[in-house]
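Understanding the architecture of this molecule
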Number of protein chains: 2
Amino acid sequence: MKYTEFEIISKYFKRNQKKDVNEIKGIGDDSALIKIPKNNILAISTDTLVEGTHFLKNISPEDLGYKTVAVNLSDLAAMGAEPKWTTLSITMPESNNIWLKKFSSSFFKILNKYNVRLIGGDTNRGSLSITLSMYGLLKKQIALLRSNANIGDLIYVTGTLGESAAGLFLLKKNIFIKNVNIRNYLIKKHLNPIPRVSEGMALRKIANAAIDLSDGLIADLDHILNDSQCGANINLNKIPISKVLIDNFQSQNYLNWALNVGEDYELCFTISKKNIDKLKIIKKKFLVNFTCIGYITPIEQGFNLFDNQKKIIFKKKGFNHFD
Amino acid sequence: MKYTEFEIISKYFKRNQKKDVNEIKGIGDDSALIKIPKNNILAISTDTLVEGTHFLKNISPEDLGYKTVAVNLSDLAAMGAEPKWTTLSITMPESNNIWLKKFSSSFFKILNKYNVRLIGGDTNRGSLSITLSMYGLLKKQIALLRSNANIGDLIYVTGTLGESAAGLFLLKKNIFIKNVNIRNYLIKKHLNPIPRVSEGMALRKIANAAIDLSDGLIADLDHILNDSQCGANINLNKIPISKVLIDNFQSQNYLNWALNVGEDYELCFTISKKNIDKLKIIKKKFLVNFTCIGYITPIEQGFNLFDNQKKIIFKKKGFNHFD
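Calculation criteria
- Residues numbered from 1 in each chain as written.
- Chains lettered and ligands numbered in written order.
- Predicted model: local features only at pLDDT ≥ 70, side-chain atom pairs only at ≥ 80, totals over all residues.
- Heavy atoms only, no water.
- Domains from an automatic or database assignment.
- Contact = heavy atoms within 4.5 Å.
- Buried area = accessible area lost by both parts, 1.4 Å probe.
- Salt bridge = Lys/Arg side-chain N within 4 Å of Asp/Glu carboxyl O.
- Pairing = 2+ DSSP bridges.
- Helix = DSSP H or I, 4+ residues; strand = E, 2+ residues; numbered from the N terminus.
- Axes fitted to C-alpha atoms, helices over the stretch in contact; angles between N-to-C directions.
- Buried < 20%, exposed > 50% of the residue type's maximum accessible area, 1.4 Å probe, protein only.
- Lys, Arg positive; Asp, Glu negative; His and termini not counted.
- Polar contact = N/O pair within 3.5 Å; in protein donor to acceptor, adjacent residues only side chain to side chain.
- Nonpolar A, V, L, I, M, F, W, Y, C, P; charged D, E, K, R; others polar.
- Least-squares fit on C-alpha atoms with pLDDT ≥ 70 in both.
- UniProt positions renumbered as here; feature names shortened; annotations may be inferred.
- Patch = residues over 30% accessible without salt bridge, like charges linked within 9 Å, V, L, I, M, F, W, Y side chains within 5 Å.
- Areas by Shrake-Rupley, 256 points an atom, 1.4 Å probe, with all protein chains shown as cover.
- Charge placed at Lys NZ, Arg CZ, Asp CG, Glu CD.
- Expected span 1.5 Å × (residues − 1).

So, about the domain arrangement of chain A. All names here are of chain A. What the domain assignment reports for chain A is domain 1 (5–139) and domain 2 (146–309). Between domain 1 and domain 2, the C-alpha centre-to-centre distance is 26 Å. At the interface, 20 residues of domain 1 touch 20 residues of domain 2. For the pair domain 1 and domain 2, the summed buried surface comes to about 1700 Å²; carbon and sulfur atoms form 62% of the total. Broken down residue by residue, the surface that domain 1 buries against domain 2 is led by L56, Y66 and K67, which jointly contribute 27%. Linking domain 1 with domain 2 are 1 salt bridge, by the criterion used here. Here E263 makes a salt bridge to K67, at a shortest N to O gap of 2.8 Å.

Another point: the sheet that holds strand β7 (residues 154–158) of chain B. Residues and elements named next belong to chain B. Spatially, β8-β10-β7-β11-β9-β12-β13 is the arrangement adopted by the 7 strands of the open sheet, whose pairing is mixed. The open sheet terminates on both sides in strands that have one partner only, identified here as β8 (209–212) and β13 (310–312). Geometrically, the sheet is characterised by an average inter-axis angle of 30 degrees between neighbouring strands, direction not taken into account. In this structure, β7 lies alongside strand β11 (residues 290–298), joined through 5 bridges in antiparallel fashion. Along β11, the bridge assignment pairs I155 with G294.

To continue, consider the sheet that holds strand β8 (residues 209–212) of chain A. Residues and elements named next belong to chain A. In spatial order, the strands read β8-β10-β7-β11-β9-β12-β13; together these 7 strands make up an open sheet with mixed pairing. Pairing within the sheet leaves two strands with one partner each, and these edge strands are β8 and β13 (310–312). Ignoring strand direction, the axes of neighbouring strands in this sheet form an average angle of 30 degrees. Taken together, the 5 bridges between strand β9 (residues 230–235) and strand β11 (residues 290–298) define a ladder with antiparallel strand orientation. Across the sheet, C230 pairs through a bridge with P298, a residue of β11.

The subject of this paragraph is the side chain of D20 of chain A. Residue and element names in this part refer to chain A. Position of D20 relative to the elements: it lies in the loop between α1 (5–13) and β1 (23–25). K84 provides the closest opposite charge to the buried, salt-bridge-free D20, at an N-O distance of 4.8 Å. Only 2.7 Å separates the side chain of D20 from the side chain of W85, close enough to count as a polar contact. In this structure, D20 is in contact with W85 and R117, ignoring residues within four places of it in sequence.

Residue and element names in this part refer to chain B. Running from N to C, helix α7 (residues 217–228) and helix α9 (residues 251–261) point in directions that differ by 35 degrees, and their axes come no closer than 4 Å. Along the contact surface, α7 presents L217, I218 and A219, while α9 presents A258, L259 and N260. Of the residues in the contact of α7 with α9, the class split is 5 nonpolar, 1 polar and no charged.

Once that is clear, we can look at the relation of the copies chain A and chain B. Rotating chain A by 180 degrees and translating it 0.0 Å along the rotation axis places it on chain B, where the RMSD comes to 0.0 Å. In symmetry terms, the pair is related by a two-fold rotation axis. Comparing interface residues between copies, 100% of those in chain A also sit at the interface in chain B, which points to an isologous, same-surface contact.

Here we take up the UniProt feature "binding site: Mg(2+) 2" in chain A. The sites that carry the UniProt feature "binding site: Mg(2+) 2" are, in the present numbering, D47 and D75 of chain A. Considering the C-alpha atoms alone, the annotated residues occupy 29 residues of sequence yet fold into one spot, their largest mutual distance being 9.0 Å. Apart from the residues within four sequence positions on either side, D47 of chain A is in contact with V71, N72, D75, I130, T131 and L132 of chain A together with D122 of chain B. Tracing the chain through its elements places D75 of chain A in helix α2 (residues 61–77). Sequence-distant contacts of D75 of chain A, that is, excluding residues within four places in its chain, are made with S45, D47 and D212 of chain A together with D30 of chain B.

Let us look at a positive patch on the surface. Residues and elements named next belong to chain A. On the surface, K139, K140, K205 and K285 cluster together to form a positively charged patch. As for its position among the elements, K140 is in the loop between β6 (129–139) and β7 (154–158). Exposure remark for K140: the relative accessible area of 69% places this residue in the exposed category.

On to the interface of chain A and chain B, then. Each partner contributes residues to the interface: chain A has 65 residues there, and chain B has 65 residues. Here chain A packs against chain B, burying approximately 5000 Å² in sum over the two surfaces, 53% of which is carbon and sulfur. Between the two partners, chain A and chain B, sit 4 salt bridges. In this structure, D30 of chain B and R146 of chain A form a salt bridge, with 3.0 Å as the shortest nitrogen-oxygen distance. Viewed at the interface, chain B and chain A are joined by 21 residue pairs in polar contact (both at pLDDT 80 or more). If one sorts the elements of the side of chain A that touches chain B by residue count, strand β3 (residues 40–50) of chain A sits on top with 9 residues.

It is worth spelling out helix α7 (residues 217–228) of chain A at this point. All names here are of chain A. Along its 12 residues, α7 runs 16 Å from first to last C-alpha, staying within 8% of the 16 Å computed at 1.5 Å per residue. Counted residue by residue, α7 has 10 buried out of 12 residues, so it is predominantly covered. Every buried residue of α7 is accounted for by L217, I218, A219, D220, L221, D222, H223, I224, L225 and S228. In the stretch just after α7, Q229 is the one whose phi turns positive, near 55 degrees.

All names here are of chain B. Neither face of β8 is left uncovered, since the one carrying A209 and I211 and the one carrying A210 and D212 both have all their residues buried. Where β8 meets strand β10 (residues 267–271), 4 bridges bridge the pair, whose relative direction is antiparallel. By the bridge assignment, D212 is partnered in β10 with L267.

UniProt tags D30, D75 and D212 of chain A as "binding site: Mg(2+) 3". Spatial dispersion of the annotated residues is evident: they stretch over 183 residues in sequence, and the largest pairwise C-alpha distance comes to 32.8 Å. When its relative accessible area of 6% is taken as the criterion, D30 of chain A is described as buried. Excluding residues within four positions of it along the chain, D30 of chain A makes contact with S45, D75, A78, M79, R146, A210, I211 and D212 of chain B. Side-chain polar atoms of D30 of chain A contact the side chain of R146 of chain B, separated by 3.0 Å. When you line up the elements, D212 of chain A lands in strand β8.

In structure tokens:
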């Protein structure tokens, strides 16, 4: 049985989520209406995922539902915002009930985990693509901006880098390594990245600049450097690489994944040395590691990578949808 | 020359628009940041336009840039909100500079006309489709909701209905009528609908329910009736049809266009009889007509169309993307 647009929305996307006093009108009118609490500002992020560009053709509806939300949560995390609401536009070739059921279940599972309410959107016919806008709140109007890095700031990343890209590589090239558990683990890291929402919110008060690592460390850190008009020295040996990658792959592979491929959705942030004690206290709250990989320099010194003392020649590339 | 995603955004979508004190961060960070003035609520509408579904394959980039904005402005108009900000996600097969230049010029022209600032978005590769989210403000938290119609309310529409659908018909079927000026006029009505933004804002204080007419009067009014748990009696002879349509087409054609095809982006609203004097005052401010086409009845009486005294049998269909 095929459903109309209205039926799809009411069958799959009108769910009883936890109530929110600031939501005056959710799904079902010409627009949603929300109230912003006093002394808060609104953070808005928008991301489109297109089949073949942002996800592989054979992705499961569950993984797509998860990833759609996770990448937008990650954008808000990079501002230090608390995610609150979302709108979804989904374009698909036909209304496939089984697909919609699986997609929407997974979509609401991650929304509910992060206390985010779906307040609007539409469904359309066309090639599969999904646009999500995510709305978050920032108390006292303090945000982690890309433009706030200062000379002398230490540069940190959360978690480890490169595992998501390793998973993408295994999936894309259809490569089977000996240990199937490790293969599945890396693919899961690619398909189900964990947005660093609480970490971003905690860092908001003590860090200066931040960005989430979607396009690889080099391209993403370069945005901070450009916007803050700074340079950086990064020590390759400090980049956190998991034991799984070190044990199973060559260093040129995993460094390339960490530096140039990305999709880790970890945070890269800069912090003044005077706040390091506060950072140590915050670190204790989280299971994930925060690793110092270098420091911010004057713009004249440029963006440099060092392997111990040796300067490495590299290209700033990062992922580009129109390559 | 092909541009990367970052270059496209900075070349075509970073423009010097009129400043706005409530915009803390626009394009160029992980999310946009906005402040909502005291006693205001935020209205959010999202619409996706997909090639082949919402616009014809041969649409010009200028017309697409205009329409993308107009349909979202129309959603906010139907709430009575003042449009303020927008985010754009554009997916296209390749980065075509001439197309982008024309699209973005037209896009910013209509944004500037309505004082709307672009605060974020992304560009992606894939089949042509555009998702816009539009953000507006409502003072004193009064909005025109679909659910606010009351029994006895008069039902009005702005402007005339059916011309946009006539234009779509001429375009789609490649029909050339004798008078080329009339053909061009109707096609322009289809491609460049005028969102009733000021009208919606003025009606907010005196009307009860409203919706914008995108899917045809029957389907759209039916949303008000369902959400307000009411019926309606509509007099077919009162539906405002332009002289152009009456002089050039059969009545079964233009009534079908008005009732079942839509894309007029006029407002349909309900208003208590006690506010009719206030409506008369408001009407004087606008060039567009407001026409009473019927009234709201108890739900038991259902949704009825009358041709003079004769009840007309009709189907509630409206446009469905998955038909």
